[in-house]
Amino acid sequence: MAQARGSNTKIVVGIETLYNTISGSFGTNKKAIVIPFASFNVKNTENQIVNPMIKGNRNPIRPGRGNRNPSGTLSTLLTPHMYSLLAYTLGKRKVTDSFTNDIVVTDHIYMKGAAGQTIVNNVEGYTTTGENAAAIANETAPYIHTFSIGEIPSFTIESQFAGLGTAQYRRFKGCCVNMMKIKIPNEGYIGLDFDIIAAEENIASSAMAVGNELEYEHMPYDAFELAEAHVMLGDTYIAAEAVAYIDSIDNIVINNNLGSEGYVLGGGGIRKSLPPGIVSVTGSCKIMFTDSGTGSVALLTSINAGVKKSIILTLIRGSTTLALPGTTPPQVGNADNEAIQIILPELTFAATSPSIEGPTGVYFEGTFTGFYEESTVDSLTSGIQIKLINSDAPRL
């Protein structure tokens, strides 16, 4: 008896141009993307409806079948190859290739560009062509992929069980990302949990994109490490400066607040739509209570006064470095020298106080909510922005 194993299972995603419909155009210019993952528990569930009738004895009556709710979580680490999942979560994308301008993190530090900057793809929604092309205009690495809040697509996600006697392909169609949780501990790697809701599950005997799967060849499992993290905080995005008192960021949660009730009479219990709601951005920080320099004592006073803040988290790999203006750090974006920035341009912390948990160091919890009011970063108006800088062309 052959038992399926997680170690030889692949997870593959492909964008849908029509909700709950697998793309029929996989080929040279459109690929299904193989996703590195740690666990995948998206599964089909179904309500069982209790029959309340009395039949003359105490035996239960066979239940009725209710609506199906395929859903669950895909867990992975933050790697340089997250284009598709970030696009599925936030929606709006801007891609700049062969960037020449220095990437300004704030007025205080930056990363070095290359030569010949061109914006090659700046899209709010999704169309049947051009979104996943193998060759887009002026396509030359490295790239700055910028994600911000916009319309989100649906996609198909397929788990490929190769370890069975006969391979089985379980497809969840009509998927949307309901929530992305970014988990930033004190050390190690950044975890990502994608809460996914789907319309239905189908089983197939062959892959949805046979011969047209894209698996990133350059170290697809090599994640960003927190040893190379750079955290900035300030009253505005431009004024943010490096801080050294944030112990960890428990979660940054981007919630699309999907309307998951989309069932209709006669629809076979299958969800017919997943309309997104208003995005919410929340999180919390564990902050060391310190007064050195511009320490967190001043921050806590500002928090309790309701002053608006901005957070920028920059992660780098390889020889990529941050630098002061006027210096020349290595070029960023080529293989092994990737970077990512998570930018919350506007947020407020809830009022709080230090908590004494024992005889050692004192911390306080900074719970925050992000929003968009007036701050514009690179001409984008968004409550959160993520910049991924790598050598991968746009792929959905």
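A quick note: this is a predicted structure, and the numbers were derived from the prediction, not measured.

Asker: Quick question: what am I supposed to make of the pairing of strand β21 (residues 309-316) here?
Answerer: With respect to burial, β21 is a largely interior element, eight of its eight residues being buried. Of the two faces of β21, the one holding K309, I311, L313 and L315 and the one holding S310, I312, T314 and I316 are both buried throughout. Sheet topology places strand β17 (residues 229-234) next to β21; six bridges connect them, and they run antiparallel. Among the inter-strand pairings, M232 is bridged to a residue of β21, identified as I312. With seven bridges connecting them, β21 and strand β22 (residues 339-349) associate as antiparallel partners. Its bridge partner lying in β22, T314 is registered against Q341.

Asker: Explanation requested: the nonpolar core in the structure shown.
Answerer: Most often, soluble globular proteins have nonpolar side chains that are buried together. Within the largest apolar cluster, 64 residues are counted, with the highest numbers of intra-cluster contacts made by L74, I157, I246 and I252. Those residues in contact with L74 that lie beyond four places of it in its chain are I11, I35, F37, S39, F40, L85, I157, L192, D193, F194 and I196.

Asker: Where do I start with the environment of K30 in this structure?
Answerer: Mapped onto the fold, K30 is located in the loop between β1 (9-15) and β2 (32-34). Along the sequence, K30 and I15 sit 15 residues apart, while their C-alpha atoms lie 9.6 Å from each other.

Asker: How should the pairing of strand β24 (residues 385-390) be read in this particular structure?
Answerer: If a strand is regular, its side chains alternate between the two faces of the sheet. With six of its six residues buried, β24 lies for the most part within the structure. Residues of β24 alternate between two faces, with Q385, K387 and I389 on one and I386, L388 and N390 on the opposite face, all of them buried. Judged from the six bridges that link them, strand β11 (residues 143-149) and β24 form a sheet pairing that is antiparallel. Directly across from I144, in β24, lies its bridge partner I389. Of the strand pairs in this sheet, β22 and β24 are connected by five bridges, and their pairing is antiparallel.

The rules behind these values
Residues numbered from 1 in each chain as written. Predicted model: local features only at pLDDT ≥ 70, side-chain atom pairs only at ≥ 80, totals over all residues. Heavy atoms only, no water. Buried < 20%, exposed > 50% of the residue type's maximum accessible area, 1.4 Å probe, protein only. Helix = DSSP H or I, 4+ residues; strand = E, 2+ residues; numbered from the N terminus. Pairing = 2+ DSSP bridges. Core = buried A, V, L, I, M, F, W, Y, C linked by side-chain atoms within 4.5 Å. Contact = heavy atoms within 4.5 Å.

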